[in-house]
Amino acid sequence: MTTAPAAETAEVEGTDPTHPAPSDGTRAGSDSGPTGTAPSEAPEVPDEAPDGGVPDPDAPVDSHDGGDRASDEADDAPDTPGAPPEVISDDDDSEVTAVMRLPARPISPPAADAPEAGDASDGEIDTTTEMRLPSAPLRPTPESPAPESATPKPAEPERTEPERTGPVAAEDGTPERRPRERAAATSSPLPGTSETASEAMGAPADREPRSAPRSPEKAAPAAARPSRTTTVMRSAAMWLPPLLTIEGLIMYVLALRVAPGPLRGVDVTKIDALGLISAMPVTAFAAILLMLVAFFVTIAQNTDRKFLLLFQIAAITFALHGASALISDEARFPTAYVHAGFVEYINRTGESSAILDARLAWPGFFALVAFVTKAAGVTDLSTIMRWTPLLSNLLYLLPFVLILRQVVATTRARWFAALLFVIVQWIGQDYFSSQGFTYAIYLAFVAIVLRWFGKVEPRDKPMPAKGRVRRLLARLDGLTPGELPHSTGVYDRVIMLIVLIGLFGTATASHQITPFMMLGALSGLILLRRTSLSWALPFFLGLIVLSWISYQTVTFWSGHIDQLFGGLGRILQNLQSNTGDRIDGSDPRHALVLMARLGICGVILALAAIGLLRRVRRGVGDRAALLLLCIPVLALGLQNYGGEIGLRIYLFALPGACILAAYAFFPNLPAGTEDAPEETVPIRRRNIRFNPELTRRISLLLAAGCAMALAMVFLVARYGNEQFERVSASEVAAMHYIYDHDEPSARVLYLSPTLGPEVTPIIPWGERDFDKISYEQVEVSEDPADLSGTLTKLRASPPNTYLVATRAQAGYLQLNHGYPADWAPRFRAALDAHKDLKRVFNGEDAAVYTLKSFPEGTEIPERGVPIGGSDPTSPWTPVGLVALGVTWIALFTYQVFLLRGGERRSKARRRILFIAVPAFVLALAVIAERFVVIGYQLQ
C-alpha cells in the first residue's frame, strides 16, 4: 500500500496491541490508547474482502468523528499490508473521509528501514486508520499519476486463506463483479441509514473496481441534477393555478362571445323562465368550475399568495358578474338608463330638481358622474353602463379584502370569505346607480374604522360570583377577540378621520339608506369596544344626515311625511312585501328563480350561524363580523323602500355573513401572526380525536363543493329575470326614435297589468330628455285582442304620445302576472291591425305606435313636467344653520383631542363639551321644527 500524499493526513486511533481483536469483528477494549486516553466506543465499519468485494451489510458499522485524537507515535505507524481499505465518502466538497479497517492477522517483523510502530511489534493487532483526503480521485489515474513520495508497500507474509474467486473480466476487458456482490453494492443499505453501500461510498453502484483506472468519461457526477421535466413538475404548485385560471377565463369568454353553435355561444332566443342559464353552453359551466378548482388548489397550499388569489377571484368575478356584458352590446337593467338620463339632465341644465324625480334630491352620484364625463368629453354612457356591474364588484373586493386583513383568521378562511362575497351577491344593485356607488363607500368606511381605529380590549375583570346571565355574559366577554388592533400615528388618524367624514358626506348626498347603515355600524363598533373612536363622531355624522334631509330634500318630503316615516315599526309587513309577495302569482318555473334567491340567503345565514358557533367553541368572539351581519336587519323597522328593503338588508349584511360563513369550514386561528400559514388546533376534551391534517383536507373539499354549488345557483338567481331585465338593441333604438321626436315635449305609455303606484317601466326609459318626456301607465288585458284600455288612453292624450310595446314588457307580464306565453306577438298583431293606430317604429323586440290623428284643437304642451321654484322654509331655520356649524366644529375638535390624548387636553375636551352639547340640542330642535312646520302645514 502506498502512503498518502503530502496533502493528506493519516491518524490512527489508540489501540492496545497486547489485546487481540475479538473474533466477532468488534473492537478490542483497551484501558488507554497511545496517548494514555481511553478510546471512544463506536461500531465498526465492516471489513472489506481482500478481492475488493463489498462487505457484509449486516455487519456493524464503525463511526468516525474526524477529530484529531491520535498520538504522534500513531502518525509514524507503517501501512499494514492486506486488503485495500473500504472508503466511505461524505458529501462534503472539501474533503473525503476514508475509514480503513485492517483484519487481525500475524505480521512479520518490520523491515530494518521501517519506522517504529510503538508496541505493535508482534501478535495480532486491530488497527483503525482514519484518513481525511481532499476532494480528488481516490486512486491514481492516467491523468494524475501517483506522487513520487509514495513508499513501497511491505511484503505480505505467506498465509493460508480460503480460495476466493476474483472479478470476472467482461468482453471489453473491464473487470466485473460477481452477481451477489453487485446486488449487495447496489441495494444493501448501511445499518442505521437509508443509503445503499455504493451511495455511502460516494460512487455509483455499478462503478468499476479500484484495480481499474476510471476514465473521466465514465466518472459519475457527485450529485445528479434533476431533469428539466422533474424541476417543472416539482414547481407545479406555483404555475398550475394561474395557468388553469387563465385557461378557464379564455374558455369562458369564447363560450359566451362567439356565434352560437355546439357547446359554444348563447342564443338569446332560447332564454326561458329560468333565465340566462337555460341558454348558456356547457363549456361556460366547465370554465367556471375550472377557475374555482384553480382557486382551491391555491388556498390548499395555505400560503398567502395575495396577487394570485386576487387575480383568481377577479377572474371568477368576471365570469359571474360580467356574463351579461359578454352576451349583449347594451347595458343590462332598464333603470340604468334613467340614471344616465339624470346625468344628461345635470350636464345640460347644470342643476338637479327633485320635482322631476325624488332620486334627484340625493344627486351626489349623478353630479359626480356628470362632472367627470363632461371633463373627459364623454357624451355616450352606454359602454360605461354596460360594464358597471363588473367594475362595481371588482371595486367592492378592495375594501372587503382590507376588512378581512383585520380579522384573526387563517389564510384559507379569509380568501374563502372573499370568494363567498362574490358568488352570493346576486342582488343586482351593482348596476349604474347611486346604490351601487354608495355600497362601495360603505365598505370603505367600515374598512377604515377597523384598520385605522381598531381596538381590542381583553376582559380583565373577575368572573361575577352570582347570576347565570351575568356569568354567561362575562364568559362571552372573555372570549379571545376575533379582530386585530391597529395603531398608527396621531396625524395619520386625523387624516383618516377627515376621510371618514368625507365618505359619509358623499354617501349622505347620494343615497337615502346607506348613511344609516354606516352610522349603525360605527355606533355598534363603539358600543362593542372595537374602535377607539368616541361617541362624538356618531353624533357628528347623525347630524349630517338629519340636516341633509331637513334642508336639502324639502321638495321630496314636504307634504309627504307619511311616505318618509310611514314604514316605522312595520317589520312584518315590510318583510312580507319583500318575500311572499314576490313569489305569489309567478310563473311556476320562474318561481324556482325566486326560491333560488331565498335559498342562497338561507344557506349563507345557516353557514354564518355554524361558523359563529365553531369559533365560540374555540374561544373566539367575532364581535365585528356579528355586528355587520345584524345591524342591517334594523332597517326592517324603517320603511318599505318600494318593496325592496329586504334586498338592501341582504346586501349590507353580506360582509359579516360571508366572514362568519367562512368560519364554518375554517374556524381555526393562525399559529403565529395573522399571515402565518400554520393553524392552531384546539384541545378537545373527548376521547375521539381526529387527525388535524385530515380534517383540514375534508374541510377544504366541503368548502370547494359548497362554492361550486353556490356558483351554479348564482347564475339562476342573478340572471333568472333575463326575459325582462335584458335590454336589446331594438328596444334602445325604439326609445331613441322617441327622443328624436319629443319637441317640445312627449308622452310615453308603457304596459302595466293594473293602474296604480306600481312599477318602474320595463323599458330603457329616460336616457335623454328626462325633463321633456313624461311616462305613464296603460292597462292591458290578458286577452291580447282587447285594446280598449290602450285606445282610451291614447285618445285622451295630447299629440306626441307614443305607445311602446317591447319583448321585455311582455316577459314581465308573463312571468310575474300569468299572461300567456304568446301574448306579445298576438298583442302586436292586434295593434298593427287596428285602423286608428299606426306603427312609427318597428324592430325585432320593440315597436312604437301612435294615433293616426288626434282630436282637433289639442296641442303639444311646452314641457312634459313643470320645474318648481324655491323650497319652503321656517322661522327658526337661520338659527338652526348657525347651531349646526358650531356643533360640527366642536364635536370634530373634541374627537381630535381625544385621539391625541394627554391630561391637559382632557380639560380642554370638557370645555368643548360645554359648547357642543347646547349647540347640538338647539340644532336638533330646529330640524324637528322644520318637519312640523313645513311637512304638516303643506299637506
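Criteria and cut-off values
- Residues numbered from 1 in each chain as written.
- Predicted model: local features only at pLDDT ≥ 70, side-chain atom pairs only at ≥ 80, totals over all residues.
- Heavy atoms only, no water.
- Core = buried A, V, L, I, M, F, W, Y, C linked by side-chain atoms within 4.5 Å.
- Buried < 20%, exposed > 50% of the residue type's maximum accessible area, 1.4 Å probe, protein only.
- Helix = DSSP H or I, 4+ residues; strand = E, 2+ residues; numbered from the N terminus.
- Contact = heavy atoms within 4.5 Å.
- Pairing = 2+ DSSP bridges.
- Axes fitted to C-alpha atoms, helices over the stretch in contact; angles between N-to-C directions.
- Polar contact = N/O pair within 3.5 Å; in protein donor to acceptor, adjacent residues only side chain to side chain.
- Phe/Tyr/Trp six-rings, centres within 6.5 Å; stacked < 30°, edge-to-face > 60°.
- Parallel < 35°, antiparallel > 145°, perpendicular 65-115°, else oblique.
- Left-handed = near helix turned anticlockwise from the far one by under 90°.
- Nonpolar A, V, L, I, M, F, W, Y, C, P; charged D, E, K, R; others polar.

A. Layout of the nonpolar core. In this structure, Tyr252, Leu256, Phe296, Phe416, Ile423, Tyr442 and Leu541 are the most contacted members of the largest nonpolar core, which totals 148 residues. Counting residues per element, this core draws most heavily on helix 24 (residues 645-663), at 15 residues. Once residues within four sequence positions are removed from consideration, Leu256 is found in contact with Val266, Met280, Pro281, Ala284, Ala323, Leu326 and Ile327. Listed in part, the 39 residues of the second largest apolar core include Ala331, Tyr345, Phe366 and Val804.

B. Layout of the sheet that holds strand 11 (residues 837-842). Taken in spatial order, the five strands line up as 9-8-10-12-11 in an open sheet, and their pairing is mixed. In this open sheet, the two edge strands, each paired with only one partner strand, are strand 9 (773-779) and strand 11. Taken over all neighbouring pairs, the strand axes of this sheet differ in orientation by 30 degrees on average, direction set aside. Bridge count between strand 11 and strand 12 (residues 846-851): five bridges; the pairing is antiparallel. Paired with Lys838 across the two strands is Thr850, which belongs to strand 12. Each of strand 8 (746-752) and strand 10 (801-806) is contacted by helix 29 (residues 807-817), which is oriented at about 65 degrees to strand 10, the strand it contacts most.

C. Focus on the side chain of Thr806. Within the fold, Thr806 resides in strand 10. A polar contact is formed between the side chain of Thr806 and the side chain of Gln809, at a distance of 3.1 Å. If we skip the residues at most four places from it in the chain, Thr806 touches Glu731, Ile762, Ile763, Asp845 and Ala846.

D. Structural context of the pairing of strand 8. Summarising burial for strand 8: six of the seven residues are buried, a large majority. Sheet analysis places strand 8 next to strand 9, joined by seven bridges and oriented parallel. Considered in strand 9, the bridge of Val748 is made with Tyr775. Both strand 8 and strand 10 contribute to a ladder of three bridges, which runs parallel. Bridging across to strand 10, Val748 finds its partner in Tyr802.

E. Quick peek at the environment of Leu533. Considering the arrangement of structural elements, one finds Leu533 in the loop between helix 16 (514-527) and helix 17 (536-552). Overall, Leu533 belongs to the buried group, its relative accessible area being 3%. Taking the C-alpha atoms as reference points, Leu533 and Phe453, 80 residues apart in sequence, are found 6.6 Å from one another.

F. Expanded view of the packing of aromatic side chains. Applying the stated criterion to the full structure yields 29 aromatic pairs. Taking the centre distance of 5.4 Å and the plane angle of 80 degrees together, the rings of Phe416 and Phe665 count as edge-to-face. Placement of the pair is Phe416 in helix 12 (residues 411-423) and Phe665 in the loop between helix 24 and helix 25 (692-719), with a sequence separation of 249 residues. As far as the burial class goes, Phe416 and Phe665 line up, both buried. With a centroid separation of 6.2 Å and 15 degrees between ring planes, the pair formed by Tyr439 and Tyr442 is classed as stacked. Taken as a pair, Tyr439 and Tyr442 lie in helix 13 (residues 434-452) at a separation of three residues, close to a single helical turn.

G. Region of interest: the packing of helix 11 (residues 382-404) against helix 24. Packing of helix 11 against helix 24 brings their axes to within 12 Å, and their N-to-C directions diverge by 45 degrees. By the angle between their axes, helix 11 is oblique relative to helix 24. Of the two elements, helix 11 crosses helix 24, and the hand of that crossing is right-handed. Along the contact surface, helix 11 presents Phe400, Ile403 and Leu404, while helix 24 presents Pro655, Cys658 and Ile659. Along the lines of polarity and charge, the residues of the contact of helix 11 with helix 24 split into six nonpolar, no polar and no charged.

Purely geometric numbers; function is a separate question.
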